[in-house]
Amino acid sequence: MSEDFQFETLAVRAGQERSQFNEHSEALYLTSSYVFDSAAQAALRFSGDQAGNVYSRFTNPTVTMFADRLAALEGAEGCVATASGMAAILAMAMGLLKAGDHVVASQSIFGATQQLFGNILPKFGVSSTFVVGTEPEKFRAALTEKTKLVFIETPSNPLTEVFDIAAIAAVAHAGGALLAVDNCFCTPALQRPLQLGADLVIHSATKYLDGQGRVLGGAVLGRKSLTDEVLKFLRTTGPTLSAFNAWIILKGLETLKIRMEAQSANTLRLASWLEAQPAVQRVFYPGLASHPQHALAMRQQASGGAILSFVVKGEREAAWRVVDHCKLLSITANLGDTKSTITHPASTTHGRITAEARAAAGIGEGLLRIAVGLEAVSDIEADLARGLALV
Ligand SMILES: *Cc1c(COP(=O)(O)O)cnc(C)c1O
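Residues numbered from 1 in each chain as written. Predicted model: local features only at pLDDT ≥ 70, side-chain atom pairs only at ≥ 80, totals over all residues. Heavy atoms only, no water.

(A) Main features of the pairing of strand β6 (residues 200-204). Burial within β6 is extensive, with 5 of its 5 residues counted as buried. Along β6, one buried face is formed by Leu200, Ile202 and Ser204 and the opposite face, lined by Val201 and His203, is buried too. With 3 bridges connecting them, strand β5 (residues 178-182) and β6 associate as parallel partners. Its bridge partner lying in β6, Val181 is registered against Val201. With 5 bridges joining them, β6 and strand β7 (residues 218-222) adopt antiparallel strand pairing. When the bridges of β7 are listed, Val201 appears paired with Leu221. (Buried < 20%, exposed > 50% of the residue type's maximum accessible area, 1.4 Å probe, protein only. Helix = DSSP H or I, 4+ residues; strand = E, 2+ residues; numbered from the N terminus. Pairing = 2+ DSSP bridges.)

(B) Just helix α9 (residues 224-237), in detail. An ideal rise of 1.5 Å per residue puts 20 Å on 14 residues; α9 measures up with 20 Å between its terminal C-alpha atoms. The set of residues buried in α9 consists of Leu226, Thr227, Val230, Phe233 and Leu234. Looking straight down α9, one finds its buried side chains confined to an arc of 110°; they lie on one side. Residues of α9 that are exposed and point more than 90 degrees away from the buried face comprise Ser225 and Thr236. Buried residues along α9 sit against β1 (78-82), α4 (85-96), β5, β6 and β7. One or two residues past the end of α9 sits Gly238, with phi positive at roughly 95°. (Expected span 1.5 Å × (residues − 1). Arc of directions from axis to C-beta. Contact = heavy atoms within 4.5 Å.)

(C) Spotlight on the side chain of Thr160. Within the element layout of this structure, Thr160 appears in the loop between β4 (147-153) and α7 (165-174). In contact with Thr160, other than residues within four places in its own chain, are Pro155, Phe284, Tyr285, Pro286, His291 and Ile307.

(D) Broad picture of the sheet that holds strand β3 (residues 127-131). With respect to topology, 7 strands assemble into an open sheet ordered β1-β7-β6-β5-β4-β2-β3, the strand pairing being mixed. Bordering the open sheet on either side are β1 and β3, each of which pairs with just one other strand. On average, each strand axis in the sheet is tilted by 20° relative to the strand beside it, whichever way the strands run. Taken strand by strand, α9 contacts β1, β5, β6 and β7, and its axis lies near 25° from that of β1. (Axes fitted to C-alpha atoms, helices over the stretch in contact; angles between N-to-C directions.)

Laid out in structure tokens, this is it:
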């Protein structure tokens with residue numbers, strides 16, 4: 001589909017292929033394999049000399065529709081759909097790195113990504129250095145001759161630190177490395193890292209791309225020369241996106257932009273309200289003028305996104321009191337849903353690291369994170385006010 005179409009149009013139309021039945025809505029192809037017209041065609045399909053589906057570990061028409069639509073939204077040449085966000089990061093690493101290579105990753109990344117780079121890839125001879133802080137200079141200082149990949153997530157979880165994608169891409173490229181950006185929090189509706197100079201975009205489609213908390217999925221996007229290497233790993237090893245999940249997320253993409261805009265607007269309103277509450281010490285949200293990187297965020301993102309965190313006055317007891325008085329917000333660490341969720345990072349997502357490491361990372365006992373959904377903001381405020389009054 002033509003790149004000339006606007007984002008909204010691509011979100012509902014890009015990638016669609018109709019069958020002989022000419023269905024209006026994208027079809028779900030639940031089939032593990034495909035039939036060939038002749039022995040000769042089977043041979044051509046297997047050798048890759050003829051395009052076409054062979055086996056759903058390699059390709060499936062519904063999965064291809066999802067991948068093509070997401071590629072159009074990110075402005076990417078290639079997209080490989082995976083079983084989950086972590087499968088995307090694993091496939092990227094296995095497809096593009098080899099023993100002896102080095103990765104420079106931000107310290108402020110998803111916990112499982114940290115485990116992958118810090119504990120699993122070293123078993124295969126790939127080492128990593130974690131950078132504390134957002135300054136591009138710190139990434140430059142961590143590069144070695146062996147660095148092949150720089151990996152960031154922006155805004156970060158849960159403190160919403162913003163990383164300058166264009167500046168870090170320049171640093172990575174000067175050092176001969178690729179830049180991969182986990183674009184889970186903003187999605188292409190709010191931020192397009194490839195246009196800012198990144199080489200690869202990673203998605204956990206489990207979050208906003210589905211947007212309704214139903215299925216797991218993921219994707220790796222970038223130049224075709226890169227995604228082809230990732231696809232080779234996937235074809236052989238199988239952490240492929242299922243057709244059913246692809247079909248669900250394909251339909252999720254159709255409402256991505258209006259959901260992200262509405263959830264962002266809700267988050268800005270909630271963040272402003274929280275800033276005015278006497279029981280709240282500090283609010284972290286890139287859409288607020290008080291955020292230290294507000295200007296950068298507004299340059300690189302269309303809005304602040306739908307995740308905020310805040311510090312209540314007091315320690316764990318005070319924070320837990322707020323959580324425990326919520327009747328509407330879901331107490332869960334998941335995010336990206338139309339239903340708002342609240343989590344206490346120090347005792348859940350960041351509970352396995354030491355108290356000292358948490359303190360160094362700025363994740364205190366009073367910190368709470370909210371992934372804001374589509375409920376009325378006044379109802380969310382009322383839900384929080386109950387606990388905040390007791391802090
Ligand atoms: C959830 C998440 C992942 C992992 O995705 P899964 O689909 O759960 O495997 C990676 N990065 C970020 C930022 C996430 O929030």
